[in-house]
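# Commentary on secondary and tertiary structure
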Amino acid sequence: MVLQELFAADGILSAGIILLFLAMIAAVNRLPKKKLSFAARVLIGAACGTVFGLAVYGLERFFGSGGAVIFADGWKTGVRMPAGTGMGVPQWAAMGTQIYLGLFRFLIGPVVFICTVRMVIRTPAFREMPAQERTKRRVNTLMTALACGVGLFFGILFQVGGAGNGFGAVQAGGESIPELAVKMAPVNLAADLLAGKVTAVFAAGILTGMAAKRMSGKYMDTVKPFFNLTEAAFSIMGSVCKTVIAWKPAASAAVMTALLTSFGPEILWRIIKFLLVLVLAAVSMLILQLVLAALCGVSPAAFMRAGKAAMGKALKTRSGQASLPEAQKALAEGLGLNQEITDEVSAYAISSGMQGCGALFPAMALVFAVNLAGGSFTPGLAAAALAVVTMTSYGITGAPGTATMAEFAAVMGTGMEGAVSGLGAMVAVDPIADVPRTLINVTGCMTNAIIAERRLRK
C-alpha cells in the first residue's frame, strides 16, 4: 500500500503503464538529433504523447470509476477523471509538465531583467538619438502594440482555449486598470524576480540600465565591471535557456499525455482551433501591414512581388534572421527604398519587438491559457496585456526561444500565474505555430522599414 501511494500506482497494470510512459519519455529524449530536426522531434514527442494519452483516457473510461483532480493549479480545479487502471499516469505526466513549465517561470524574471539592462546600456540617450533611431523605435513600438491588439482581438472573439466567462465578467481581485497597475508595480526586486512579475522587473531593469549608463559618462572605470558582468550574465542566461528549450521534445510528450488524460479528446479540438485562429490572425495582420505600406506609397502587389522570396524563405525555414537578407534586398532593390534606412530598421525589427513571435502569438497564448484555466478576460486585463506584451517584447531581446519567453512573460506579467498550465499546449505545437508567426515577423520588418523610410524622407 505504501509503495502504491508512493509511486501513484494502484495495481500491477497501472504500474506497467507508468513504466511505459517513462520509457516513452526516455525514447523521445533519445531521438537522433542529426537525422531529425528539432521541430520534427518536438512534433514526434507531441504525437507520442497524444496517442499515449488517448490510450490511457480510454482505459480510464473503460475500467475506472470515481474521480481525482489532475490539474489543481490555480483556477483549474473542476477537471476530474475516473480513478482506474491508468490513474498513476496523469499524475506522472502532470508532474513532468509542471516541472518543465516551472523552469520557464523561474527563468522569465532573470531573462527580462538582464535583457532589459543590456538593451538600455547599449542604447544611446534619447536626446542624443538621431532622427532615424527615434523613428525606428517609435514605429517598432506602435507596430508591436498593433500586433498584440490583433492577437487579443481574435483570441477573445473566437474564445480560444475555451468558452470562458464572457468579456465583461468580474474576476477575483478586480480587474480595473488602477488595481492591475498596483499589482504589476515594483515592490521588491528579489521577490519580483522570483514571482516573475515581468513589468516590475522590466521597470527595475530600465532604472538600473539608466543609472549605469549615466554613471559611465564620468566614472566609466568604476562601472565597467558592471557592463562586463551584464554581458557575461546575458551569455550564461542564453545558454541556460537553450538547455531548457532542448528538452522540449520530451516535455511535449508529457504535456500532451497530461492534457489528454485530464481533458480527453476534446482538448485536441481546442488546440487545433487555436492554430486555425492564429493563422487567421496572421492573415489579418498581414492585410493591415499591406494597408499601412500602401498608405506609404507601396502597393500591396508591389509589396508581395518584392517580398515573395523573403516570405517563402520565412515559411520554409521558420527563421526571421535567415530571411532578413531577402527582406532587405526586397526593400532596397525590389521597392527602390533608401537602403541605409531600410537595412537598419528591418534588422532592428527582426530582433526586437517581433510582431509575430513577440506580440501576436503571446497575446493569443495568454487568452488560450486564461480561458483553459476557466478565467475571464476583462477589459482591464486586455489593457494590461497590451501594455505588458508591448513592453516585454523589448525585455526579451536577444533571448533564445523568443516566442516561448514572450508567452510566459505575458501570462506572468499580467498576474495570471494560475493559468501557466495552459501554456503546456503551446510547447507541444510550437513548431506549427512558428510558421505563421515567423511570416509576420518578416513582413513586419519590411512594413516597419517602409513606414520609417517614408517618414524620414519627408
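Per-chain numbering applies: the sequence of each chain, read as written, is numbered from 1 onward. Side-chain atom pairs in this predicted model are given and counted only at pLDDT of 80 or more, local residue features only at pLDDT of at least 70, and totals for whole chains, interfaces and linings cover all residues. Side-chain calculation: all heavy atoms of the structure are included, whereas hydrogens and water are not.

### Side note on unusual backbone geometry
- Positive phi, close to 50°, is recorded for Gln159, a residue that is not glycine.
- Helix and strand labels come from DSSP, where a helix needs a run of H or I of at least four residues and a strand needs a run of E of at least two; each type is numbered from the N terminus. Its place among the elements puts Gln159 in the loop between helix 5 (131–157) and helix 6 (177–184).
- With a phi angle near 55°, Arg318 is a residue other than glycine that sits in the positive phi range.
- Topologically, Arg318 is positioned in the loop between helix 12 (308–317) and helix 13 (320–334).

### Some words on the packing of aromatic side chains
- Pairing of aromatic rings covers Phe, Tyr and the six-membered ring of Trp, with a centre-to-centre limit of 6.5 Å; geometry is then stacked below 30 degrees between planes, edge-to-face above 60, and tilted otherwise. For the coordinates displayed, the defined rule picks out seven aromatic pairs.
- Ring plane angle 90° and centroid distance 5.3 Å describe the contact between Phe153 and Phe154, whose orientation is recorded as edge-to-face.
- Feature note: the residues Tyr100, Phe104 and Phe408 constitute an aromatic cluster, connected by ring pairs.
- Distance and angle both matter: a charge sits over a ring if NZ of Lys or CZ of Arg is within 6 Å of the ring centre and within 35 degrees of the ring normal. Over the aromatic face of Phe234 sits the side chain of Arg118, whose NZ or CZ is 3.8 Å from the ring centroid.
- Positioned above the aromatic ring of Phe361 is the side chain of Arg437, whose terminal nitrogen or guanidinium carbon lies 4.5 Å from the ring centre.

### Digging into the pattern of salt bridges
- The salt bridge definition used is simple: a Lys or Arg side-chain nitrogen within 4 Å of an Asp or Glu carboxyl oxygen. Under the defined criterion, the tally for this structure stands at 12 salt bridges.
- Residues Lys197 and Asp192 are paired through a salt bridge, measuring 3.5 Å at the closest nitrogen-oxygen approach. The exposure classification of Lys197 matches that of Asp192, with both residues buried.
- We note a salt bridge from Glu326 to Lys313, for which the minimum N-O separation is 3.2 Å. Separated by 13 residues along the polypeptide, Glu326 in helix 13 and Lys313 in helix 12 bring together distant segments of the chain.
- Think of it in three bands: residues with accessible area under 20% of the maximum for their type are buried, residues over 50% are exposed, and the middle band is partly exposed, with areas taken using a 1.4 Å probe on protein chains only. Exposure remark for Glu326: the relative accessible area of 25% places this residue in the partly exposed category.
- Put simply, Lys248, Arg318, Asp430, Asp434 and Arg437 are held in one network by salt bridges that share partners.

### With respect to the nonpolar core
- In this structure, Val111, Phe274 and Ile450 are the most contacted members of the largest nonpolar core, which totals 124 residues.
- With 14 residues, helix 4 (residues 88–121) is the single largest residue contributor to this core.
- With residues up to four places along the chain from it excluded, the contact list for Val111 reads Met237, Cys241, Gly395, Ile396, Ala399 and Met405. Remark: nonpolar core denotes a set of buried residues (Ala, Val, Leu, Ile, Met, Phe, Trp, Tyr, Cys) joined through side-chain atoms within 4.5 Å. It only takes one pair of heavy atoms within 4.5 Å for two residues to be counted as in contact.

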